[in-house]
Amino acid sequence: MINVTLPDGAVRELPDGASPMDLAEGISKSLAKKAIIAKVDGREWDLTRPLDGDARVELVTRDQPEALEVIRHDAAHILAQAVQELFPGTQVTIGPAIEDGFYYDFARDEPFSTEDFEAIEKRMAEIVDRDLPFEREVWDRDDAIAHFERIGEKYKAELIRDLPEDEVITIYRQGDWIDLCRGPHLPSTGRIGKSFKLMKVAGAYWRGDHRNAMLQRIYGTAWADDKQLNAHLMRLEEAEKRDHRRVGRAMDLFHMQEEARGQVFWHDKGWTLYRTLENYMRRRLEDAKYEEVKTPSLIDRSLWEKSGHWEKFRENMFTAQTEDGEVLALKPMNCPAHVQIFRSGQKSYRDLPLRMAEFGSCSRYEPSGALHGLMRVRGFVQDDAHIFCLENQIESETASFIELLNSVYADLGFEDFIVKFSDRPDVRSGSDETWDKAEKALKDATEAAGVEMILNPGEGAFYGPKLEFVLRDAIGRDWQCGTLQVDFVLPERLDAEFVGEDNDKHRPVMLHRAILGSFERFIGILIENYAGKFPLWLAPLQVVVATITSEADGYGEEVAATLRKAGLRVKTDFRNEKINYKVREHSVGKVPVIAVVGMKEAENRQVALRFLGEGNKQQEILGLEDAVKQLAESATPPDLKRT
RNA sequence: GCCGGCUUAGCUCAGCUGGUAGAGCACCUGAUUUGUAAUCAGGGGGUCGGGGGUUCGAGUCCCUCAGCCGGCACCA
């Protein structure tokens, strides 16, 4: 007999060789039905896998979030089986559960198309109906390799070969189909249900390496029930409406075109938004004791060679050649230029920390496939700054940077975001000792600031480790916006120095940092976050004064003039149209406030303010002076409200 | 850059197995002076992404280039 301890502390006796399923059935039929997997002493465990002794056992049921991962993983297996049944000769590789779904990578000469999805989904449903038990088997390593080689699954064989020597090779069987897999799985295919849907096909390199073969990845989504599935599909549909490219066109913010790939034509309204954001950032930087500079766009290649960028990023730099053979590069970033300003004249330890900011226009020749609306462009402006400081100032500078970033993000509507810590990459500059020092300094400082971070191994910059502040777009894609990088390398390479207390020359440490990252990307995220319905202070057009009859136009003009005088961005709509028409048009155009003016208002010197909202007509009739006062106040940028 | 898909009016999209292009919205004109999400009537607008080919005939089939979209790779 074995003793099983339940989460509530109760202990149950079960016969030897009993499985978590037996446990569940012993408790209640409905639990046995709802159970997905078990956690045995904290380890994930198949329900049907016999327990190997006394243990703490927890049953994970269908309604728990962890269950979704298992359902999705199972769905990936079923997808692979369906594909192999329908398309013989297709090799399987890997197929994990991911956020909202799963994928499976296949090797096949013929491309899959979304037109194949219907047939594949149908076959998947059949496999669910077959209710095949998932059976876990432990295989000998060499047998497993030989088996997969024999059936022509060279990717699987390679995977097994590369597993650590002591790894237990487990194979999961569903009917006559088997796959190398760590598990766990549901007891049978019937338990998964049919709340899944194939979403898209895409190319993906074997093992994520571009030197390897290109596989075909089929993405799917899977949920515990149809309600969840439909809710997810609905969310996606809603998210699509927030796409910054779509909203940007609809609101006439910007456009892009072939002749200037990866660069933005900012229209009047988009540029107003941009400038509002820039002015806000400028005030925040001034408050935080930064100085602002401006450096050249075209800089001789010799400087890029010194900094190390030429060697590492030459292919991604735009260059220009003069008549006499001089090669210049359009600056892809600002740091070497800032070091030049630091180097001009003498710097003393008394000048440190020196915080040098620039709204720096940068150009990078990004790979064609990487371009993506405003999120990934070739011409962009960073809210860049470099903090030249002493080693013992890294911690306090990191702390105040994180505080500033938090405050800026909160003002712009982002309360939570992910922070990643990226350490030394394989190809890098600087000695291991320098890296040890830089990584420790950044990590300690971040921890001291109380920030939770996710480790992102090997993803640092070539000159130093970095903190990445990641925001999410409407459909869940992550984009790095803010960053903080500790750099002991560039000051050395570019020979930056200051005179210390001891009257000797010393190297400063450089902190590279950005809050928005690039205006382009950040505005893209901002558009999607607000779905174009910006808070009043950011909205490019804040108020439309719309008259009901042309008799009120004179008063309407006066209202508009008064609002403009109070600093608001105002347009008038005196067209010969019904008020319904005007309200609809400006609501669709996401104008935050419509000031409706008819003869009633004109006679009483009032305005009817209608605020952008979900269907419900929120309006307020105010005296002109009160209305102006109220609007001017709510249009005040958050930082100016605080002072 | 790689794999796949897409590209028809300003926008969103129709156009079956090849027989020389349509809708809604937008735009323009006229009428309507209107009270909180679309007033009515009329009108203009497309070398169907570029180039090449097959065919008596190509928006439709084939090749090629470009751009965009979705992933992957890259991201100082």
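As the structure is a prediction and not an experimental result, all values here were calculated from the model.

Scanning chain A for helices and strands turns up 21 helices and 33 strands. The principal-axis extent of the C-alpha atoms belonging to chain A is close to 85 × 75 × 55 Å. Here chain A holds 643 residues, and the buried ones make up 51% of them. For chain A, long-range pairs separated by at least 24 residues make up 67% of all intrachain contacts whose partners lie at least 6 apart in sequence. Accessible surface, chain A as shown: approximately 31,100 Å² in total, 46% of it carbon and sulfur. Across chain A, the mean location of the 87 positive side-chain charges is 4 Å away from that of the 114 negative side-chain charges.

A separate point is the packing of aromatic side chains. Counted according to the given criterion, the structure contains 22 aromatic pairs. With 5.6 Å between their ring centres and 65° between their planes, F359 and F519 make a pair best called edge-to-face. One end of the pair, F359, is in strand β20 (residues 354–363); the other, F519, is in helix α16 (residues 519–530), with 160 residues separating them in the sequence. When sorted by exposure, F359 lands in the same class as F519, which is buried. Their ring planes at 75° and their centres at 5.5 Å tell us that F414 and F522 sit as a pair that is edge-to-face. Here the residue F414 occupies a position in the loop between α13 (394–411) and β22 (418–422), and F522 occupies one in helix α16, the gap between them amounting to 108 residues. Owing to a relative accessible area of 0%, F522 belongs among the buried residues under this scheme.

Before going further, it helps to examine the environment of Q321. Along the chain, Q321 turns up in strand β18 (residues 319–321). For the pair formed by Q321 and K505, sequence separation is 184 residues and the distance between their alpha carbons is 37 Å. Among all residues touching Q321, those that are not within four sequence positions of it are E326 and V327.

The space that makes up the largest pocket amounts to roughly 1,500 Å³. Broken down by secondary-structure element, the contributors of at least two residues to the lining of the largest pocket are α11 (309–313), β21 (379–389), β24 (466–472), β25 (478–487) and β28 (509–518). With six residues, β28 is the single largest residue contributor to the lining of the largest pocket. Taken together, the residues that form the lining of the largest pocket break down as 18 nonpolar, 14 polar and 11 charged.

Bringing a negative patch on the surface into the picture now. A surface patch of negative charge is lined by D140, D142, D143, E165 and D166. Exposure remark for D142: the relative accessible area of 53% places this residue in the exposed category.

Relative to each other, α13 and helix α14 (residues 432–448) sit at 50°, their axes nearing to 9 Å. In terms of their interaxial angle, α13 and α14 are classed as oblique. Here α13 runs over α14; the crossing is right-handed. Each of I394, E395, T398 and I402 in α13 lies in contact with α14, whose residues at this interface are A441, A445, T446 and A448. Partitioned by chemical class, the residues of the contact of α13 with α14 number five nonpolar, two polar and one charged.

Before going further, it helps to examine the pattern of salt bridges. Here the structure, examined in full by the defined rule, presents 42 salt bridges. With a closest N to O distance of 3.1 Å, E278 and R282 form a salt bridge. Taken as a pair, E278 and R282 lie in helix α9 (residues 268–287) at a separation of four residues, close to a single helical turn. Looking at E278, the relative accessible area reads 15%, which means it is buried. Here D411 ties to R284 by a salt bridge, and the two come within 3.2 Å at their closest N and O atoms. One end of the pair, D411, is in helix α13; the other, R284, is in helix α9, with 127 residues separating them in the sequence.

Let us look at the side chain of K39. Here K39 is to be found in strand β3 (residues 35–40). Side chain to side chain, K39 and E66 meet in a polar contact 2.3 Å long. In this structure, K39 is in contact with R56, V57, E58, V60 and E66, ignoring residues within four places of it in sequence.

The amide bond that connects G183 to the next residue, P184, takes the cis arrangement and shows omega of -5°. With respect to the element layout, P184 can be found in the loop between β11 (177–180) and β12 (196–205). Of the consecutive residues L352 and P353, the connecting peptide bond is found in the cis state with omega at -5°. By secondary structure assignment, the location of P353 is in the loop between α12 (335–343) and β20. Not every positive phi belongs to a glycine, and D41 is a case in point at roughly 50°.

Pairing analysis gives four bridges linking strand β29 (residues 543–547) to strand β30 (residues 570–573), with the strands arranged parallel. Looking across to β30, one finds that V545 is bridged to T572. Remark: the β29/helix α17 (residues 553–565)/β30 crossover connection has right-handed handedness.

What follows is about the protein's contact with RNA strand B. The immediate surroundings of RNA strand B are formed by 57 residues, with R261, S368, N576, R584 and E601 found nearest. Taken together, the sugar and phosphate atoms account for 52% of what RNA strand B places within 4 Å of the protein. The backbone of G369 places a nitrogen or oxygen atom 3.0 Å from a base nitrogen of RNA strand B. Among the secondary structure elements, those contributing two or more residues to the surface near RNA strand B are β12, β13 (214–222), α8 (244–250), α11, α18 (579–588), α19 (599–604) and β32 (606–611). A per-element tally of the surface near RNA strand B places α18 first, with seven residues. Residues that form the surface near RNA strand B fall into these classes: 22 nonpolar, 17 polar and 18 charged.

A separate point is the side chain of T189. Mapped onto the elements, T189 comes out in the loop between β11 and β12. Take T189: its relative accessible area is 0%, and that puts it in the buried class. Looking at T189, its side chain comes within polar contact range of the main-chain nitrogen of D131, at 3.4 Å.

With that settled, the discussion passes to the packing of helix α3 (residues 65–86) against helix α4 (residues 117–130). Relative orientation of the contacting elements α3 and α4 amounts to 115°, with a least axis distance of 9 Å. Taken together, the axes of α3 and α4 lie roughly perpendicular to each other. In the packing of α3 onto α4, the handedness of the crossing is right-handed. Contact residues: A75, I78, L79, Q81, A82, V83, E85 and L86 in α3; A119, I120, R123, M124, I127, V128 and R130 in α4. Its residues assigned to classes, the contact of α3 with α4 comprises 11 nonpolar, one polar and three charged.

About the criteria used
Numbering of residues begins from 1 in every chain and follows the order in which that chain's sequence is written. Labels follow written order: the first chain is A, the first ligand is 1, and so on. Restriction of local features to residues with pLDDT of at least 70 applies here, the model being predicted, together with a cutoff of 80 or more for giving and counting side-chain atom pairs; totals for whole chains, interfaces and linings are based on all residues. Note: side-chain values were computed over all heavy atoms of the structure, leaving out hydrogens and water. Think of it this way: any DSSP run of H or I at least four residues long counts as a helix, any run of E at least two long counts as a strand, and we number them from the N terminus. Residue exposure (1.4 Å probe, protein chains only): buried if accessible area is under 20% of the type maximum, exposed if over 50%, otherwise partly exposed. Should any heavy atoms of two residues lie within 4.5 Å, those residues are counted as being in contact. Areas reported here follow the Shrake-Rupley algorithm with a probe of radius 1.4 Å; residue values treat only the protein chains shown as occluding. We score Asp and Glu as negative and Lys and Arg as positive, and we do not count His or the chain ends. By convention, the point assigned to a charge is CZ for Arg, NZ for Lys, CD for Glu and CG for Asp. A pair of aromatic rings is counted whenever rings of Phe, Tyr or Trp (Trp by its six-membered ring) have centres within 6.5 Å, and the orientation is called stacked for planes under 30 degrees apart, edge-to-face for over 60 and tilted otherwise. Two kinds of site are reported from a 1 Å grid over the protein atoms alone, namely cavities, where a 1.4 Å probe fits but cannot get out, and pockets, open sets with protein on both sides within 12 Å along at least five of seven lines, and residues are called lining when an atom falls within 4 Å of a point. Grid points are joined across faces, edges and corners, and a volume is the space filled by probe spheres set on the points. Amino acids are sorted into nonpolar (Ala, Val, Leu, Ile, Met, Phe, Trp, Tyr, Cys and Pro), charged (Asp, Glu, Lys and Arg) and polar (every other residue, Gly among them). In this analysis, a patch consists of residues with relative accessible area above 30% that form no salt bridge, clustered at 9 Å for like charges and at 5 Å for the nonpolar side chains Val, Leu, Ile, Met, Phe, Trp and Tyr. Each reported salt bridge corresponds to a side-chain nitrogen of Lys or Arg within 4 Å of a carboxyl oxygen of Asp or Glu. A fitted line through C-alpha atoms serves as each axis, taken over the contacting stretch for helices, and the angle formed by two N-to-C directions is quoted from 0 to 180°. These descriptions rest on fixed angle ranges, namely under 35 degrees for roughly parallel, over 145 for roughly antiparallel, 65 to 115 for roughly perpendicular, and the rest for oblique. In this scheme the handedness of a crossing depends on how the near helix is turned from the far one: anticlockwise by less than a right angle means left-handed, clockwise means right-handed. Throughout this description, a polar contact denotes any pair of N or O atoms lying within 3.5 Å of each other; where both atoms belong to protein, one of them has to be capable of donating a hydrogen while the other can accept it, and for residues adjacent in sequence the pair is counted only when both atoms sit in side chains. Two strands are said to pair when DSSP picks up at least two bridges between them. Seen with its strands pointing away from the viewer, a crossover is right-handed if its path from the first strand over the helix to the second goes clockwise. A cutoff of 4 Å decides nearness: a residue is near a molecule or strand if any of its heavy atoms lies inside that distance of it.

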